[in-house]
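Single-letter residue listing:
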Amino acid sequence: MNADSADSASSAGNARSAGDADNGSNAFAGRATHVVQAGVIYGGVHGGRDAPSVPTLPVPRQLPRVATCFTDRTDLLAALNAVAATSNGVAMISGTAGVGKSALAVHWGHQARDLYPDGQLYANLRGYDRLAPLAPEEVLHGFLSALGAPADRVPGSLDAMSSLFRSLLDGKRVLLVADNAGSADQVRPLLPSAPGCFTIVTSRSRLGALTAVDGATPVAMRPLDTPDAVELFRRLAGDDEAEGVTGDGVTRLVRRCGRLPLTVRIAAQQAGAGTSLGELIEELEGDGLRLESLSMSDERSGVRTVFSWSYQQLTPAGARAFRLLALHAGPDFSVPTAAALIDLPEAQTRRLLRDLVAVNMLEAAGPRRYGFHDLLRDYARERVEAEEPPEARAQALGRELSHYLRMADAADRVLVPERQHVPLERHADGANTPFPGPEAALAWCDSELPSLVPAVGQAVELGLDDVAWKLPVALVYFLRLRRHDTHRRALSDTAVRAARRLDDQWAETWSLICVAGAESDMGLHEDAMRHFTEALRISQAIGDSHWQANSIYNIAWTLRLMGRYEEALERQREALPIHRSIGDRRGEAITRTEMAASSLALGRPTAAFQEYERALDGARVTADLPTQAKSLHGLGDVCRTVGRTDEAIGWYEQAVDVRRRVGDLLGLARSLDRLAEQLVTVGRAADAQEALVEAVAILDSLGNPMAEEVRLRLVAFDHGTEPGDRPADPLTDGV
């Protein structure tokens, strides 16, 4: 007997009875080298052939039954095989509720039955359960009993029980499954030390201490891939019996189930009970109905109940963060956004987010970004509605929206520092750090766009019209750079309506110009003309010269896009003196680029060249990089038109450099395309091909139809022919 279990020895002093048999397989057997007198003997003393036989216990095979229709998980089964091949390995399976952790462990255990001839031990530790967690002492008592330890020889202390357990397993090959663990401390006393044993732990928590201290190998589980979830549903619901178990409908269904095995099984059970696929989909796609639809008559198996066990294990701060984060409308969020919602410093927020990820209540969606599994978001929304008063929810969203407005404005000031910017008196925050450069500003906008779009809708719902017009306007330049024209039009239209509710005609004018600019870029020129004209009328009524000149410029820009070059040129000449009167050098430079473009279209290259030069000078004085790029590209167009190829190449190369720096992807693609055309004419085919390859990649990323045109020119290189000429490509740069 291990020395740690001395408290269970008889009063005679820890020695075994001389009558104990030594058969090499009983951990309680030993060799009698001394005669020991027993202090008290109860019952008869038997020996030799008259000794009663001790019943032999069966080899423990405690694993529950395998889940019906266990589907795929090939990669995870292989991962368990790899850990099992190590000496005394420990696999730590973690994942959100309902993802199939227990099913995976049990399935693997049954497959590997022959590898563990001395038994398979199983215990549900109830770490996440309506009942109290199972103490390690209770688990060990059951394991020791299964291994044949007499009840009167089992020690009372945890350490002694753990030592005896390890002693009994010495030299044996046993699989141990510690299911549904709540903490590393709950598992650690159960770990065997025998090289031939293997332990599988499952938990909704990652149990980092078990990995760091005890060397467990993490095995993270994700929801099923869509095809596997479809297959599981099909097999459970039946191939022919259940109506509509194939096709796109079941794909929609399993996605609404979150692709969790538990929820797919519940949906399949409902389908098998006669509920049509259409009814199921309708229920699961209804607002706030998914958790209700995925309930069971056995409430312990319902999704809401299963999630509640995880929620109840959170700290008060973790539970508050979990539910407030559900107010976020986008698919994922950053640490600063979360900090704004829960009103905590970023360092403290980061720790809370990591804690929620560790217990699989959140998912890491990327570097410093987090998100909910769909069904957990539904549960979190239920919790925030039930536990946070309306005022607290509104305040949390107000903090998030103010954060987004400050950040969008900061990005706008980095991307186009010379542009008019929205006033932020009510949303000023000295802690806000400007982006170090355009690349960082664009990266933030790119990552946050899926959240910024619904955030504008939330501002409207909360009656925060000040945010509802400013946030879209602050994003307009980014949206134009990235060619998100549909978003730009919709958000700008929201800004117009918010400005009108505020009775702010200055904001309404600006918002109308933003709407019309998107419409012009989308080819909706008549709509654009209507909105630009309305903006001009309001700006004249309120006596705002800046918006008056801006509106006239944009009317002329739209006229040029419609092919009405003389009218466009005349209207630009109206805008020019207004820009000068208010000292708007940037506006003057932009207007001159339009005068140049119209002049070139009218066959006046000399006048066009002069206006582009003046525009370039003005853009450099005002540090307006986008207008510099437009002017450089325009100078290249003029030289191309008059056959000055070498000069055209130089101008286009400069335009490429500037557009690359400011992140103007569509403009960059156009400049690269023009550059390639000119490079071919001077025999620089390899350089031309490289430029076209980049242009095609950019246009493909933008989903721009011009990509096919450029791709055809690129294909010409592969056939040993020069790319053909192309029609004129008017610049479409507005304010």
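In the block above lies the structure referred to throughout.
Residues numbered from 1 in each chain as written. Predicted model: local features only at pLDDT ≥ 70, side-chain atom pairs only at ≥ 80, totals over all residues. Heavy atoms only, no water.

### Concerning the sheet that holds strand β6 (residues 333–334)
So, point 1. One open sheet accounts for three strands, arranged β6-β8-β7; its pairing is antiparallel. The strands lining the two open edges of the sheet, one partner per strand, are β6 and β7 (363–366).
So, point 2. Of the strand pairs in this sheet, β7 and strand β8 (residues 369–371) are connected by three bridges, and their pairing is antiparallel. Following the sheet pairing, G366 is matched in β8 by R369. (Pairing = 2+ DSSP bridges. Helix = DSSP H or I, 4+ residues; strand = E, 2+ residues; numbered from the N terminus.)

### Notes on the pairing of strand β4 (residues 198–203)
Looking down a regular strand, the side chains alternate between one sheet face and the other.
So, point 1. Most of β4 is tucked away: six of the six residues are buried.
So, point 2. Residues F198, I200 and T202 line one face of β4 and the alternating positions T199, V201 and S203 line the opposite face, and both faces are buried.
So, point 3. Note: strand β1 (residues 90–94) against β4, five bridges, orientation parallel. Bridged to M92 within β4 is V201.
So, point 4. Alignment of strand β3 (residues 175–179) against β4, held across four bridges, turns out to be parallel. Following the sheet pairing, V177 is matched in β4 by I200. (Buried < 20%, exposed > 50% of the residue type's maximum accessible area, 1.4 Å probe, protein only.)

### Points about the side chain of S451
So, point 1. Tracing the backbone shows S451 in helix α18 (residues 438–461).
So, point 2. Judged by its relative accessible area of 1%, S451 is buried.
So, point 3. A polar contact is formed between the side chain of S451 and the backbone oxygen of D332, at a distance of 3.2 Å.
So, point 4. Leave out the neighbours within four places in its chain, and S451 touches H328, G330, P331, D332 and Y404. (Polar contact = N/O pair within 3.5 Å; in protein donor to acceptor, adjacent residues only side chain to side chain. Contact = heavy atoms within 4.5 Å.)

### Things to note about the sheet that holds β4
Pairing between sheet strands relies on hydrogen bonds along the backbone, with the strands arranged either parallel or antiparallel.
So, point 1. Ordered by their spatial adjacency, five strands build an open sheet running β2-β3-β4-β1-β5, and the pairing between neighbours is parallel. Taken across any chain shown, the strands that pair with only one partner, and hence form the sheet edges, are β2 (120–124) and β5 (217–220). Each strand axis lies, on average, 15 degrees off the axis of its neighbour in the sheet, ignoring direction.
So, point 2. Pairing geometry for β2 and β3, over five bridges, is parallel. (Axes fitted to C-alpha atoms, helices over the stretch in contact; angles between N-to-C directions.)

### Observations concerning the packing of helix α22 (residues 525–542) against helix α23 (residues 545–561)
So, point 1. Contact geometry of α22 with α23 gives a least axis separation of 8 Å together with a crossing angle of 160 degrees. One element, α22, and the other, α23, form an angle in the roughly antiparallel class. Handedness of the α22/α23 crossing: left-handed. Across from H525, A528, M529, F532, T533, A535, L536, S539 and Q540 in α22, the residues of α23 making contact are W547, Q548, S551, I552, N554, I555, W557, T558, L559 and L561.
So, point 2. A class-by-class count of the residues in the contact of α22 with α23 yields eleven nonpolar, eight polar and no charged. (Parallel < 35°, antiparallel > 145°, perpendicular 65-115°, else oblique. Left-handed = near helix turned anticlockwise from the far one by under 90°. Nonpolar A, V, L, I, M, F, W, Y, C, P; charged D, E, K, R; others polar.)

### Details of the environment of E363
So, point 1. Along the chain, the position of E363 falls in strand β7.
So, point 2. For the pair E363 and T96, spaced 267 residues apart in the sequence, the C-alpha separation amounts to 9.2 Å.
So, point 3. If near-sequence neighbours (up to four positions away) are discounted, E363 is found in contact with R222, V357, R369, Y370, G371, F372 and H373.

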